Amino acid sequence: MEKILEVKNLSTAFATDSDLITVLDGVSFDLIKGKTLGIVGESGCGKSVTSLSIMRLLPRPAGRITGGEVLYRGTDLTKISLGEMHKIRGNKIAMIFQEPMTALNPVQKIGDQLGESFRLHFPNMNDDEVRAQSLNMLESVGISDIRRRLREYPHQLSGGIRQRVMIAIALACKPDILIADEPTTALDVTIQAQILKLIKDLQKENGMSVMFITHDLGVIAEICDDVVVMYTGHVVEKGSVNDIFENPKHPYTKGLLESIPRLEHPRKTKLKIIEGMVPDLLNLPSGCRFGNRCPYIVDECKQKVPVLEKVLDAHYSKCLKHASFMKENV
Amino acid sequence: MKEYILEVDNLTKHFPINGGVLLRKVGDVHALNGVTFKVKKGETLGVVGESGCGKSTLGKTLLRLHRPTSGSAKFLSKDLFSIEGKELREMRKDIQMIFQDPYESLNARHSVRSILHEPFEIHKIGDYEFRESEAKRLLNRVGLPPSALDRFSFEFSGGQRQRIGIARAIALNPKLVVCDEPVSALDVSVQSQVLNLMLELQQEMDLTYIFIAHDLAVVRHISDNIAVMYLGNIVEYTDADTIYEKPRHPYTKALISAIPVPDPRFKGVKQVLEGDIPSPRRLPTGCHFHTRCPIATDKCRKESPILRDATGTSEQTHLVSCHYI
């Protein structure tokens, strides 16, 4: 159980004209070598900002890391120089994005974009080697007709092939960690199934660790070993995928799991819902941040800010009532 | 037996592609290739399929936002595509639409008041007081406070905007509402709120929905019958339970097995389809699905199958378009 990435108490803020908005507030989790960690939450919960903070790709000058550490093999990525970060980014830790059309350069051929990774991180490679390696990568992500693809531009490819190209670029340098930020959200289900299978297969071959960010609990259940649930910049629950799905210990996780329509539910019946909506980060409720939507709220929740407490071995919940809230509702 | 509110027969829509210096027609996008179905009053027909299958074109054609290339549709026994003038205006009241993107489908320069007054103004219904009280009633019905009237759409969250879009769609007491991916832009916790609202409204107002979406679990939840589309054709049509429990068409089977199941202990066999959807500009010969079908034969490459009943019983309709079922 070697931890390849440890995020400790990470806080990130964005500056606006008048305020500094804390978007990540003391986020901690570990990524285990060779495993897949899922980060799940709704819009604005900070899941993408977490990945951008780890990669030091926050929009400048507004975004900044205000505290905490990101330890990659013992090195704190938040403290090293940009030059050192360049050597890690794309080489040791790579990232794929949601929308391959905006993440790929529209005026560069696939071959040039793929070759860039090799040229940047292995300056000694000559053109023939770069080309051979590029073809290799395209083949490994299951693209056919690879010689022609190298000469094509992103707009000539379908969504699924574009995402495969992105994965090929990300994996070009055989990274230790792949951060995938909603990589299948823009794709059709049959293509999503192809891409998920590809990521799983490549992980088996290379033994890399994957951090998978998504809002789709089905995708989490399918490919993750561990799960971190985020809400308004906090980690509200984390644990193994089985613990989270079978025995959620935070009312938000429980609400999310109950509100998705499932194939075994009776049709045309009312779905369970989480009342209200995610609060504005500038106008958070006092005490527990989920308090205004929580069906189990007690007075204590409005006064005391909960901390992430251990429930079981590796299962944590940020709920004052985690021990009792499930029982009341059986 | 409930009456059929909508009967669509052999609906075809081809979009011309113009190219070259003289912008001559160089080809067609075959968006709909002979779609036939019926919907009963008060029921929901779910239309599922992947990008480019023609499901949005179908919705827009039914609203007469596109003119069909051929085929006909009867709405309450009237020919939907030939009526004009006064009859058309009346019909427009009865068929409304809820759009996918609540960010783009509401005019950001209009207050919620003017968005909700507009349907009444266009159809010259009531005076200002009447419209104002209707607008308040509609907001209340979709779960928004009356104070929302003076605000603009950008002041609301995605879920609230979709509620405004729904209020606008039901303002004139429509009979048929075409919903084009109404919840796919929303977060999980908000999605279930909006689905519940749509189910309540359907019961209260006896609405008929055509619910277009790519999320099969959502479509199954809200639909009575489901049509699965692939490249402009319906490939399978039956009631919502049967299609998930006993899918017959190889495409439907693959589509259902591709849905990620929110249960980590689920160990179903994934049937991953190879390749991409072919371009609707150059449709494959024979069965359009043969390029990705695991059981395709020479016959599939040559002859196109017709949509026919797969059960042979009269109490249940299960239409499948495949040579091998």
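Residues numbered from 1 in each chain as written. Chains lettered and ligands numbered in written order. Predicted model: local features only at pLDDT ≥ 70, side-chain atom pairs only at ≥ 80, totals over all residues. Heavy atoms only, no water.

**Focus on the overall build of chain B**
To keep things clear, this is the line we draw: By the criteria applied, helices consist of DSSP H or I runs no shorter than four residues and strands consist of E runs no shorter than two, each listed in order from the N terminus. Throughout, the radius of gyration refers to the C-alpha atoms, and the reference size of a globule is 2.2 Å times the residue count to the power 0.38. For every residue, the accessible area (1.4 Å probe, protein chains only) is compared with the maximum for its type, and the residue is labelled buried under 20%, exposed over 50%, or partly exposed between those bounds. What makes two residues a contact is simply this: any of their non-hydrogen atoms within 4.5 Å. Per-residue and other accessible areas follow the Shrake-Rupley method at a 1.4 Å probe size, with only the shown protein chains counted as cover for residues. By the counting scheme adopted, Arg and Lys are positive, Glu and Asp are negative, and His together with the chain ends is not counted. In plain terms, the charge of a residue is placed at NZ if it is Lys, CZ if Arg, CG if Asp and CD if Glu.
Helix and strand counts for chain B come out as 10 helices and 12 strands. For 325 residues, the compact-globule formula gives about 20 Å, and the C-alpha radius of gyration of chain B, at 21 Å, lands near that figure. Across its three principal axes, chain B shows a C-alpha extent of roughly 65 × 60 × 45 Å. Burial statistics for chain B: of 325 residues in total, 55% are counted as buried. Put simply, of all contacts in chain B between residues at least 6 apart along the chain, 62% involve residues at least 24 apart. About 14,600 Å² of surface is accessible on chain B, with carbon and sulfur atoms providing 50% of the total. Taking the average place of the 43 positive charges on the side chains of chain B and the average place of its 40 negative ones, the gap between the two points comes to 4 Å.

**A closer look at the overall build of chain A**
For chain A, the count of helices and strands is 13 helices and 12 strands. Taken along the three principal axes of its C-alpha coordinates, chain A extends 70 × 50 × 40 Å. For chain A, with 330 residues in total, the buried portion stands at 52%. Counted over contacts in chain A with a minimum sequence separation of 6, partners at least 24 positions apart contribute 65%. In the form shown here, chain A has an accessible surface area of approximately 14,700 Å², with 49% of it arising from carbon and sulfur atoms.

**Points about the domain arrangement of chain A**
The test is simple: The source of the domain bounds is an automatic or database domain assignment.
Each assigned domain of chain A is listed with its residue range as follows: domain 1 (101-172) and domain 2 (248-328). Placing a centre on the C-alpha atoms of domain 1 of chain A and another on those of domain 2 of chain A gives a separation of 43 Å.

**Structural notes on the pairing of strand β8 (residues 209-214) of chain A**
Residues and elements named next belong to chain A. Note the threshold: Note on pairing: DSSP must find at least two bridges between two strands before they are called paired. Throughout, right-handed denotes a crossover for which the path from the first strand over the helix to the second runs clockwise when the strands point away from the viewer.
Across the six residues of β8, six count as buried, placing the element largely inside the fold. Judged from the five bridges that link them, strand β3 (residues 36-40) and β8 form a sheet pairing that is parallel. The partner of Thr 36 across the bridge, within β8, is Val 210. In this structure, strand β7 (residues 177-181) lies alongside β8, joined through five bridges in parallel fashion. The residue of β8 that forms the bridge with Ala 180 is Phe 212. With helix α8 (residues 189-206) bridging β7 and the parallel β8, this β-α-β connection has right-handed handedness.

**Observations regarding the environment of Leu 231 of chain B**
All names here are of chain B. Mapped onto the elements of the fold, Leu 231 is located in the loop between β9 (225-230) and β10 (233-239). Judged by its relative accessible area of 1%, Leu 231 falls in the buried class. With 58 residues separating them along the chain, Leu 231 and Phe 289 place their C-alpha atoms 8.2 Å apart. The contacts of Leu 231, once residues within four sequence positions are left out, are Asn 33, Gly 52, Cys 53, Ile 277, Pro 278, Pro 280, Leu 283, Pro 284 and His 288.

**Quick notes on helix α5 (residues 158-170) of chain B**
Residues and elements named next belong to chain B. What counts, and what does not: One less than the residue count of a helix, multiplied by 1.5 Å, gives the span that helix is expected to have.
Between the first and last C-alpha of α5 there are 19 Å, a value that for 13 residues agrees with the 18 Å anticipated at 1.5 Å per step. When you tally the buried positions in α5, you get 12 out of 13 residues, the bulk of the element. In this structure, the buried side of α5 is in contact with β6 (95-98), α3 (112-122), α4 (128-141) and α6 (188-205).

**Topic: unusual backbone geometry**
Residues and elements named next belong to chain A. Across the junction of Arg 60 and Pro 61, the peptide omega takes the value 5°, indicating a cis bond. We note that Asn 9 has phi near 55°; this positive angle belongs to a residue other than glycine. Along the polypeptide, Asn 9 turns up in strand β1 (residues 3-15). In the Ramachandran plot, Arg 56 falls in the positive-phi region, its phi being about 55° despite a non-glycine side chain. With respect to the helices, strands and loops of the structure, Arg 56 is situated in the loop between α1 (47-54) and β4 (63-72).

**A closer look at the nonpolar core**
Stated precisely, the cut-off is as follows: Put simply, a nonpolar core is a bunch of buried Ala, Val, Leu, Ile, Met, Phe, Trp, Tyr and Cys residues held in one set by side-chain atoms that sit within 4.5 Å of each other.
Counting residues in hydrophobic clusters, the biggest one holds 63 residues, and the most contacted among them are Ile 166, Met 198, Phe 211, Leu 216, Ile 226, Val 228 and Tyr 251 of chain B. Examining the composition of this core, we find that seven residues originate from one element, α6 of chain B, more than from any other. In contact with Leu 216 of chain B, other than residues within four places in its own chain, are Val 189 of chain A together with Val 48, Tyr 244, Leu 255, Ile 256 and Ile 259 of chain B.

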